[in-house]
Amino acid sequence: MTERWRYDEVKKIEGVEIRKFHASVFADVTVHSPFNMAGSLGFRPLVTYISQNQIEMTAPVLQEKVGDQSWTVSFVMPEGAQLSDLPLPKNSDVKLRQVPEHFAAALSFSGASSWKTIEQKDLAAVGVAAQSAWSQVKDATPRPPREAGLKVTDEGSGGEALVTFLAEKKLI
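In this text, all values refer to a predicted model and were calculated from it rather than measured experimentally.

Calculation rules
- Residues numbered from 1 in each chain as written.
- Predicted model: local features only at pLDDT ≥ 70, side-chain atom pairs only at ≥ 80, totals over all residues.
- Heavy atoms only, no water.
- Helix = DSSP H or I, 4+ residues; strand = E, 2+ residues; numbered from the N terminus.
- Expected span 1.5 Å × (residues − 1).
- Bend = angle between axes of the 7 residues up to and from the residue.
- Buried < 20%, exposed > 50% of the residue type's maximum accessible area, 1.4 Å probe, protein only.
- Polar contact = N/O pair within 3.5 Å; in protein donor to acceptor, adjacent residues only side chain to side chain.
- Salt bridge = Lys/Arg side-chain N within 4 Å of Asp/Glu carboxyl O.
- Pairing = 2+ DSSP bridges.
- Contact = heavy atoms within 4.5 Å.

S.K.: Outline helix H1 (residues 35-52), listing residues and values.
M.R.: Taking 1.5 Å of rise per residue, 18 residues should cover 26 Å, and H1 covers 27 Å from first to last C-alpha, within 8% of that figure. Maximum bend of H1: about 30°, positioned at Phe 43, with proline Pro 45 one to four residues after it. Burial in H1 covers these residues: Phe 35, Ala 38, Gly 39, Gly 42, Pro 45, Leu 46, Tyr 49 and Ile 50. The first or second residue beyond H1 is Gln 54, which carries a positive phi of 50°.

S.K.: I'd like a rundown of the side chain of Gln 63, residues and numbers included.
M.R.: With respect to the element layout, Gln 63 can be found in strand E6 (residues 61-67). The buried category is assigned to Gln 63, whose relative accessible area is 6%. A distance of 3.1 Å separates a polar atom in the side chain of Gln 63 from the backbone oxygen of Phe 35. A distance of 3.3 Å separates a polar atom in the side chain of Gln 63 from the backbone nitrogen of Gly 39.

S.K.: Talk me through the pattern of salt bridges; I want residue IDs and the actual numbers.
M.R.: Counted under the stated rule, the structure contains three salt bridges. Across the pair Asp 28 and Arg 97 runs a salt bridge whose closest N-O atoms are separated by 2.3 Å. Of this pair, Asp 28 sits in strand E4 (residues 24-32) while Arg 97 sits in strand E8 (residues 95-99), and the two are 69 residues apart along the sequence. A residue is classified by how much of its surface remains accessible, and Arg 97, at 29% relative accessible area, is partly exposed.

S.K.: Any details on the pairing of E4? Residues and values, ideally.
M.R.: Among the nine residues in E4, seven count as buried, and that is most of the element. Where E4 lies against E8, five bridges are found, and the strand directions are antiparallel. Bridge pairing in E8 links Ala 27 to Leu 96. As judged from the seven bridges shared by E4 and strand E7 (residues 70-76), these two strands associate in the antiparallel manner. Following the sheet pairing, Ala 27 is matched in E7 by Phe 75.

S.K.: Describe the environment of Val 29, listing the residues and the values that go with them.
M.R.: Structurally, Val 29 can be placed in strand E4. Excluding its chain neighbours within four sequence positions, the residues that come into contact with Val 29 are Gly 42, Pro 45, Leu 46, Trp 71, Thr 72, Val 73, Asp 93 and Val 94.

S.K.: Kindly report on unusual backbone geometry, identifying the contributing residues and their values.
M.R.: Along the chain, Ala 59 connects to Pro 60 via a cis peptide bond; the corresponding omega equals 0°. Residue Gln 54 is not a glycine yet carries a positive backbone phi of 50°. Position of Gln 54 relative to the elements: it lies in the loop between H1 and strand E5 (58-59). Despite not being glycine, Gln 69 shows a phi value in the positive range, around 60°. Note on placement: Gln 69 falls in the loop between E6 and E7. Accessibility expressed as a relative area gives 39% for Gln 69, which makes it partly exposed.

Rendered as structure tokens:
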């Protein structure tokens, strides 16, 4: 069975799952293409990196918009992988990075993932006030099995703001 990116479910509110993701190492590739092609274009160099280095495949494969028609496609390295222990990629397009433990709000939906679908999904749509510190919407398409998902991540203090908000509402 494919290892999944580890997280602890903090709370589920009106279809929004608040997750605390474990610290992880990501392998990234940035591609310049439309959304519907970016995942495939980024997948190839990433799967080559893990195959050459006998690293197990994990899920989900992440896809983050980083500019107009630019996307970063990421593989999460297996639980316990340390940046210092991983082999340097032979392909200079593949970059390794440490991702700290963080909170995220996850919205699930069925059907095929498209950028239009992702843009239409936001926290306000399910009655949760979004904080300005919540910085980006990311597509997280698990492979395998093929499912679609959505993750809003925090690069600042949004996780703390979320916990404070939920505590004030006596939801946690």
